[in-house]
Amino acid sequence: MERESKRGRSAYLHLQTIQENIDRIEQALTNINFEEFSEDWTLYSAVERGIERISEASRRIPEQLKQNYPEIPWKQVAGIGNILRHDYEQVSLKLIWNTARESLPDLEKAIAAMLSELEKFQ
């Protein structure tokens, strides 16, 4: 039972990491258009790093929990981190922008639901 509890806490912490990075990305992009984003190295680097952190944390969420949220493309969430780390010279700013603007809102909803689900066991 204690082992399960530690695993649950661990999953909770990884979900919080994802939520925190989504929140920070959303804050950073408030009232920012693509042109402003693409001209601000510090901004797009920060967003890219936040996406990397989300990717890494997603790998540490138990598969059993992810299965409850099949609408999220978990393999792509995990995989974008590899692309950003290893194929960074081929990553377009548009990919980063679209991920932040189009993919993170759906992920955020799932993460909120997952956190709520796990809070029952905290």
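1. Topic: the overall build of the chain
- Along its length, the chain carries six helices and zero strands.
- Going residue by residue from the N terminus, the α and β elements of the chain occur as α-α-α-α-α-α.
- A compact globule built from 122 residues should have a C-alpha radius of gyration of about 14 Å, and the chain, at 15 Å, falls within 12% of that.
- Its C-alpha atoms put the chain at 50 × 30 × 25 Å along the principal axes.
- Within the chain, the fraction of its 122 residues that count as buried is 39%.
- Sequence-distant contacts, at least 24 apart, represent 78% of the contacts inside the chain between residues at least 6 apart.
- Across the chain, the centroid of the 16 positively charged side chains sits 9 Å from that of the 21 negatively charged ones.

2. Some details on the layout of surface pockets
- Computed from the structure, the second largest pocket encloses a volume of approximately 240 Å³.
- Pro 73, Gln 76, Val 77, Thr 99 and Ser 103 are, among the 15 residues lining the second largest pocket, the residues nearest its centre.
- The biggest single contributor to the lining of the second largest pocket is helix H6 (residues 93–119), with seven residues.
- Here the residues of the lining of the second largest pocket sort into nine nonpolar, three polar and three charged.

Cut-off values and rules
- Residue indices follow the written sequence of each chain, beginning from 1 at its first position.
- Local features in a predicted model are, by the rule used here, given only for residues with pLDDT of at least 70; side-chain atom pairs are given and counted only at 80 or more, and totals for whole chains, interfaces and linings are based on all residues.
- The side-chain figures draw on all heavy atoms in the structure; neither hydrogens nor water molecules are used.
- Labels follow the DSSP assignment, with helices taken as runs of H or I lasting at least four residues and strands as runs of E lasting at least two, numbered in each case from the N terminus.
- When we talk radius of gyration, it's over C-alpha atoms, and the globule rule is simply 2.2 Å times the number of residues to the 0.38.
- Working definition: with a 1.4 Å probe on protein chains only, accessible area under 20% of the residue-type maximum means buried, over 50% means exposed, and in between means partly exposed.
- Contact criterion: two residues are considered in contact whenever any of their non-hydrogen atoms come within 4.5 Å of each other.
- Charged residues are defined narrowly, with Lys and Arg counted positive, Asp and Glu counted negative, and His plus the chain ends left uncounted.
- We put the charge of a Lys on NZ, of an Arg on CZ, of an Asp on CG and of a Glu on CD.
- As defined here, a cavity is a set of points on a 1 Å grid over the protein atoms alone where a 1.4 Å probe fits but cannot get out. A pocket is an open set with protein on both sides within 12 Å along at least five of seven lines, and residues line them when an atom is within 4 Å of a point.
- Grid points are joined across faces, edges and corners, and a volume is the space filled by probe spheres set on the points.
- Asp, Glu, Lys and Arg are counted as charged, while Ala, Val, Leu, Ile, Met, Phe, Trp, Tyr, Cys and Pro are counted as nonpolar; the rest, among them Gly, fall into the polar class.

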